[in-house]
Every structure is written in C-alpha cells, then in structure tokens.
Amino acid sequence: MAIGLSSIIPRLQMLSTSDHASVVSMNLFVALLCACIVIGHLLEENRWVNESITALVIGVCTGVVILLASGGRSSHLLVFSEDLFFIYLLPPIIFNAGFQVKKKQFFVNFTTITLFGAVGTLISCGIISLAIGAIFAATDSVCTLQVLNQDETPLLYSLVFGEGVVNDATSVVLFNAIQSFDLNHIDPRIGLHFIGNFFYLFLTSTMLGVITGLLSAYIIKKLYFGRHSTDREVALMMLMAYLSYMMAELFYLSGILTVFFCGIVMSHYTWHNVTECSRITTKHAFATLSFVAEIFIFVYVGMDALDIEKWRFVSGSPGTSVAVSSILLGLIMAGRAAFVFPLSFLINLVKKSPKEKINFRQQVVIWWAGLMRGAVSIALAYNQFTMSGHTQLRGNAIMITSTITVVLFSTVVFGLLTKPLIRFLLLHPKHTASKVQSDPSTPKSVTVPFLGEGQDSVPLLGEGQDSEFDLPEITRPSSIRALLATPMHTVHRYWRKFDDAFMRPVFGGRGFVPFVPGSPTEQSFRQGQ
C-alpha cells in the first residue's frame, strides 16, 4: 500500500505542475490578445498596418522571448493544432462573414466568384504542382477579411472573399483526388469523376447550411423563445450555426461553405424572428467572436513560426529552405495571375455595360489581395507533413518551414501594401463604397452598387425595405433578349415574389413575425396606435 502511494504521489505532482503550466500559458496568451486589441486600436488610422500584421508581429516577438527564456527549447505557449484551428477558430469567422455579408453584392457576382473559386483554383493548383497545390492554391479567407473592407471596396471584397469560400470546396475535392491519384492507371473518367464530386460537395454543403438556417428560423418563429427568455433564442442561434459546421465535417463536406450559407440564411430569416434585444446581442456577439478568433489565429501563427524542432532540420542547409520558399512564392503569384486576368477578360466579354466590367486596376487588386496565405495553409501543411504536430523527416520539415516563411512574407509584405495599393489604383473609393444606412433592423443594412460606380442598386427585401412597394419599379422583360439584358433584375424580382409568397410566411423574416406578447411585432403595433 505504501509502495502504491509512493508511486502515485509523484504522478499527481507532475499533473499539478502540468496544469499550472497550462494556466500560465493561457494567462500569457490572453494578455497577448488584449495587447493586440489595444495596439490595433492605436494603429487604427495607420494606412499600412492592419490588425493581422500587428498580431502576427506580436506573436513572432513573443516567440523570440520565449525561445530565449527557455534556452532554445521552445518558442510557443501552445502547440499548433489543425484541429483547434478548423474546429474551434475558423467556424465563427466564416459564419460572421456570411451573417454580415452584403447579400446582393455577393449573389450579383456569384458567377464570377464561382469561376475564380473553382476554375481558378484548378489552374493555380496545376501551376503550383499537384504535390502541394491544394495547400497553396486556395485564397485564405481569414486574411482577406483583415485586409479588405466590404464598405470601402464591396466588389473586391465579395469577389476575393467569395472566391476563398468557393475554392474551399474545390480544394477539398482536389486534395482527396490527389491523395488517391495513381499515375500508373490514368483514366479519362477521372476528370468527370472530379467534376461530379465538386458539384456534389458544393451543392450538398450549401443545402446543409441553408436547411440548418431555415430550421433555426422555423423553430424560433413557431416557439418564440423570447416570450420567456432571450438567452435561449440567442443560444439556439449560436449552437445551430456551429452544428451546421460540425455536421458538414461529420459527413466529409465543406464546413466553410455550409456555415457561410447558414449565416446568410440566418441573417435573412432567423434574425428577424428574435426580440430586439436578441438582435443587438447576436449582431455584436457574432462579430466579437469572429474578431477574437482572427486575432487568436495570427498570434498563434506568429509564435509557431519559430518552432525550433522544424528549423533544426534545415539549419544545416538554410539555402534550400530559402530557395523552396522563393519558388513557392513565385508559383503562387504566377498561378494566381494565370487565372485572374484571363477569367476577368472572359467575364468582361459577356458583360455588356462598361460599368459592369472588371477594369484592369480592379483585376490587379483582386490578384494582389488573393496572394496572402495564412493559418489555413499552415494547418493543411501540418496535416500533410507532420504527425500530431511533429516530424522527424528532413523533407517534411523543409516543407513546414517553407510554408511558414511563405505565410509570414505574404501576410506582412502583401498585407502592408494592400491598403496603399487600393488607394493608389482606385483613386475614388468613395464612389464604389457602399452607403451604410442607419436602419438598425438588420445585421448590416446597406445599399451597394452592382459592379461599378453609378449603377442603380436595389436592396434585398429585409435589407432596409418593408415590402416590394418600397422598391424601385422593375420593368417586366418583354422578350428573351430583354431578359438576358437584365438578368439580375429579373432574378431578383422573381425571387422577391417567391420569398414573399412562400418562404417568409413559413420561416418568418421581416414583416412576418407572429404577434406574440413581448415579440417585436407587439412593440410596432403599440407604436402604430
């Protein structure tokens, strides 16, 4: 018995020490996040630096201090884990992007976004090479959110971020296809199989997000939790949004696509079915969670950049790592140019109005803003080249360090120059900026131009409008030619009619919230008396 106790006590002491070390690490990490927020606020008006660069630099500096303090043994408080990134940090960022997105701007440019996201990823991947193309071909949505402002540059934001969302599905299919590709048995049907998988993944992921969003709207509309507790309806919205992402991962779908479209549907229906207090709460809660997750990711990446275990393998031949990193950067730039400019040229051939075309300056900004690679690339590289974050193979270590180098260089250098480039190339951003309205009844009530300046824009119902009578009159097309000349006006008109007649009466939304004591409609009813 005494022997048993003597062996247990040291183990308990080790566990206690380990738990204390974790507490110390989390305290320091939270303090770093606070420092990032304060410094980011002080640098808010800086034309060069954004919060992602600030957090990344703070992470690297902290890693240097920890590396020196530990005698060169470690550089990070937390070990980088792709599970932590994909399961806990990425979902709130993508959901909030869908929840706050300018829906009209996104769907008006949906064809262009799909071309950039699907065809562009294939072209870029082919140039970067099949071996690592799926890691570096996709635009990092998190970086895009940091460097582009959807109020100042709505077209560029919707195209680059939308491309990042769509090419996630392409990258998942491409990554799986490369894993199972056999050079000894080349079959022409592989291409058809790949295309079929892409459409299956894209449609099923999107439908899962839409169905989850509609289900949350229907439940909240029918049961109306707000009559007893606003906490329940807020909690239900958050949990169902996260459930959509986890269900997509469970069924090997694209969680990013699913949670993005879930956010769009929730902002269009569910958000209007909750109490006024819950509307304000959810709007700021989703934005805050997204903001903290973004800062967490960049601090996390900055500290992990000095992972001494990987750098030891390449210390004997630093030239090799530099050469690989330089080649990867060159291929990323060439791969993106190979589809942005040709696809933009083809898209402009279809567009009839000069105002709808993507001019060369906008193409340059789209090309440049999509060059950044971030935590997504690092997470995929760790998943491919390490086992539980560790590797003993020199080749794998070179790929990890090269990925880290590409991420640091692209985020800092490209990120620093993005704002000045936009100001230099787009001399009058105020003409293309969206006009943010003061209507507090939607997550982000906006009116945006289609593609260029001066073109009329019609807000979606539920985005600052009560009914179709508040909208500008849209002439019914008298022929097929007229229909093709104004396709988006026509699609929007018929969608509005379908939405008013079938969707809103069932799933709620603005104008169809049931009259229940304590509901938003009761307040409007009393004000009208």
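The structure presented is a predicted model; accordingly, all values stated were derived computationally and were not measured.

Below, the discussion takes up the overall build of the protein. The helix and strand inventory of the protein stands at 21 helices and two strands. Split into buried and exposed, the 529 residues of the protein put 50% on the buried side. Counting only carbon and sulfur atoms, one obtains 68% of the accessible surface of the protein, whose full area is about 25000 Å².

Charged atoms that come close allow side chains of opposite charge to pair. Tallied over the entire structure, the rule returns three salt bridges. One salt bridge in this structure joins Asp499 and Arg504, with 3.0 Å as the shortest N-O distance. Taking relative accessible area as the criterion, Arg504 reaches 0% and is therefore assigned buried. Residues Asp500 and Arg504 are paired through a salt bridge, measuring 3.7 Å at the closest nitrogen-oxygen approach. A residue pair is termed a helical-turn pair when its members lie 3 or 4 positions apart in one helix, as Asp500 and Arg504 do in helix α20 (residues 487–507) at four residues. Salt bridges linked by common partners bring Asp499, Asp500 and Arg504 together as one network.

A few words on the packing of helix α3 (residues 82–100) against helix α10 (residues 230–250). Between α3 and α10, the shortest axis-to-axis distance is 10 Å and the interhelical angle comes to 115 degrees. Put simply, α3 runs roughly perpendicular to α10. Classified by chirality, the crossing of α10 by α3 is right-handed. Residues Phe86, Ile87, Tyr88, Leu90, Pro91, Phe95 and Phe99 of α3 form the contact with α10, whose own contacting residues are Met237, Ala241, Tyr242, Tyr245 and Met246. In terms of residue class, the contact of α3 with α10 is built from 12 nonpolar, no polar and no charged.

You will see that Tyr252, though not glycine, has its phi angle at about 60 degrees, which is positive. Mapped onto the secondary structure, Tyr252 falls in the loop between α10 and α11 (255–268). Its relative accessible area of 70% is what places Tyr252 among the exposed residues.

Attention now moves to the environment of Val166. Along the chain, the position of Val166 falls in helix α8 (residues 154–179). For the pair formed by Val166 and Phe116, sequence separation is 50 residues and the distance between their alpha carbons is 8.4 Å. Non-local contacts of Val166, meaning those with residues more than four positions away in its chain, are made with Ile113, Thr114, Gly117, Ala118 and Phe202.

A cluster of nonpolar side chains, namely Leu192, Ile195, Phe199 and Leu203, defines an oily patch on the protein surface of about 420 Å² accessible area. Within the element layout of this structure, Leu203 appears in helix α9 (residues 189–223).

With respect to the helices and strands, the residue Asn96 is situated in helix α3. Excluding residues that lie within four positions of it along the chain, Asn96 makes contacts with Phe286, Ala287 and Ser290.

Moving on: the packing of helix α2 (residues 51–69) against helix α17 (residues 394–425). Taken N-terminus to C-terminus, the directions of α2 and α17 make an angle of 140 degrees; their axes are 10 Å apart at the nearest point. Viewed along their axes, α2 and α17 adopt a mutual orientation that is oblique. Read as a crossing pair, α2 and α17 show a hand that is left-handed. Contacts between α2 and α17 pair Ser52, Ile53, Leu56 and Val60 from the former with Leu408, Thr411, Val412, Gly415 and Leu416 from the latter.

In an α-helix, one full turn covers 3.6 residues, which means residues spaced three or four apart are oriented alike. The end-to-end C-alpha distance of α17, which contains 32 residues, comes to 43 Å, matching closely the 46 Å that a straight helix rising 1.5 Å per residue would cover. Its maximal kink placed at Thr418, α17 deviates by approximately 35 degrees, while the proline Pro420 follows within four residues.

A few words on the packing of aromatic side chains. The geometry of an aromatic ring pair comes down to the distance between the two centres and the angle between the two planes. Under the defined criterion, the tally for this structure stands at 23 aromatic pairs. Aromatic pair Phe116 and Phe339: ring centres 6.1 Å apart, planes at 65 degrees, arrangement edge-to-face. Taken as a pair, Phe116 in helix α5 (residues 110–128) and Phe339 in helix α14 (residues 318–350) lie far apart in primary sequence, 223 residues in all. Among the residues examined, Phe339 registers a relative accessible area of 2% and is labelled buried. Look at Phe409 and Phe414: their rings are 5.9 Å apart centre to centre, the planes differ by 85 degrees, and that puts the pair in the edge-to-face class. Owing to a relative accessible area of 38%, Phe409 belongs among the partly exposed residues under this scheme. For Phe414, a relative accessible area of 4% puts it in the buried group. Among the aromatic residues, those joined into a ring-pair cluster are Phe106, Phe107, Phe110, Phe202, Phe260 and Phe261. The ring of Trp271 has Arg279 sitting right over it, with the charged end atom 5.6 Å from the ring centre.

It is worth spelling out the nonpolar core at this point. Counting 94 residues, the largest nonpolar core has Phe95, Phe260, Met266, Val299 and Ile366 as its most contacted members. In terms of residue count, helix α12 (residues 276–304) provides more of this core than any other element does, 10 residues in total. Listed in part, the six residues of the second largest apolar core include Leu214, Ala217, Val265 and Phe507.

Along the chain, the position of Ser325 falls in helix α14. The exposure class assigned to Ser325 is buried, which follows from its relative accessible area of 3%.

For the rest of this paragraph, the subject is α2. The terminal C-alpha atoms of α2, which comprises 19 residues, lie 27 Å apart, in line with the 27 Å expected from a rise of 1.5 Å per residue. All of the buried residues in α2 are Ser52, Ile53, Thr54, Ala55, Leu56, Ile58, Gly59, Thr62, Gly63 and Ile66. Note on α2: the residue one or two positions beyond its end, Gly71, has a positive phi of about 70 degrees.

With that out of the way, let us pick up the confidence of the model for the protein. Residues at a pLDDT of 70 or more form 71% of the protein, whose mean pLDDT is 75. Predicted confidence is poor over residues 429–442, with pLDDT under 50, and the contacts of this stretch with residues over four places away or in other chains come to 37 contacts.

Rules used throughout
- Residue numbers restart at each chain and count upward from 1, following the sequence in its written direction.
- This being a predicted model, a pLDDT of at least 70 is required before a residue's local features are given, and a value of 80 or more before pairs of side-chain atoms are given or counted; all residues contribute to the totals for chains, interfaces and linings.
- As a rule here, side-chain values come from all non-hydrogen atoms in the structure, and water together with hydrogens is ignored.
- We count a stretch as a helix when DSSP gives it H or I for four or more residues in a row; a strand needs E for two or more, and each element gets its number in order from the N terminus.
- Type-normalised accessible area, obtained with a 1.4 Å probe on protein chains alone, sets the label of each residue: buried when under 20%, exposed when over 50%, and partly exposed for intermediate values.
- In these tables, accessible area is a Shrake-Rupley quantity obtained with a 1.4 Å probe, and a residue counts as shielded only by the protein chains included in the view.
- A pair is scored as a salt bridge if a Lys or Arg side-chain nitrogen falls within 4 Å of a carboxyl oxygen belonging to Asp or Glu.
- The angle between two axes is taken between their N-to-C directions and runs from 0 to 180 degrees, where each axis is a line fitted to C-alpha atoms and a helix contributes only its stretch in contact.
- Orientation categories follow fixed angle ranges, with anything under 35 degrees roughly parallel, anything over 145 roughly antiparallel, 65 to 115 roughly perpendicular, and all other angles oblique.
- The hand of a helix crossing depends on one turn: near helix anticlockwise from the far one by less than a right angle means left-handed, and clockwise means right-handed.
- The contact rule is simple, with two residues in contact once any of their heavy atoms fall within 4.5 Å.
- Ten residue types, Ala, Val, Leu, Ile, Met, Phe, Trp, Tyr, Cys and Pro, are classed as nonpolar, four, Asp, Glu, Lys and Arg, as charged, and the remainder, Gly among them, as polar.
- Here, patches come from residues exposed beyond 30% relative accessible area and free of salt bridges, joined within 9 Å for like charges and within 5 Å for nonpolar side chains (Val, Leu, Ile, Met, Phe, Trp, Tyr).
- To estimate how far a helix should extend, the number of its residues minus one is multiplied by 1.5 Å.
- Working definition for bend: take the seven residues up to and ending at a residue and the seven starting at it, fit an axis to each, and measure the angle between the axes.
- Centre distance within 6.5 Å is the pairing criterion for rings of Phe, Tyr and Trp, where only the six-membered ring of Trp is used; planes under 30 degrees apart are then read as stacked, over 60 as edge-to-face, and the remainder as tilted.
- Should the NZ of a Lys or the CZ of an Arg lie within 6 Å of a ring centre and within 35 degrees of the ring normal, that charge is described as sitting over the ring.
- In this description, a nonpolar core means a group of buried Ala, Val, Leu, Ile, Met, Phe, Trp, Tyr and Cys residues linked to one another through side-chain atoms lying within 4.5 Å.
- By definition, pLDDT measures how confident the predictor is in each residue, and it falls between 0 and 100.

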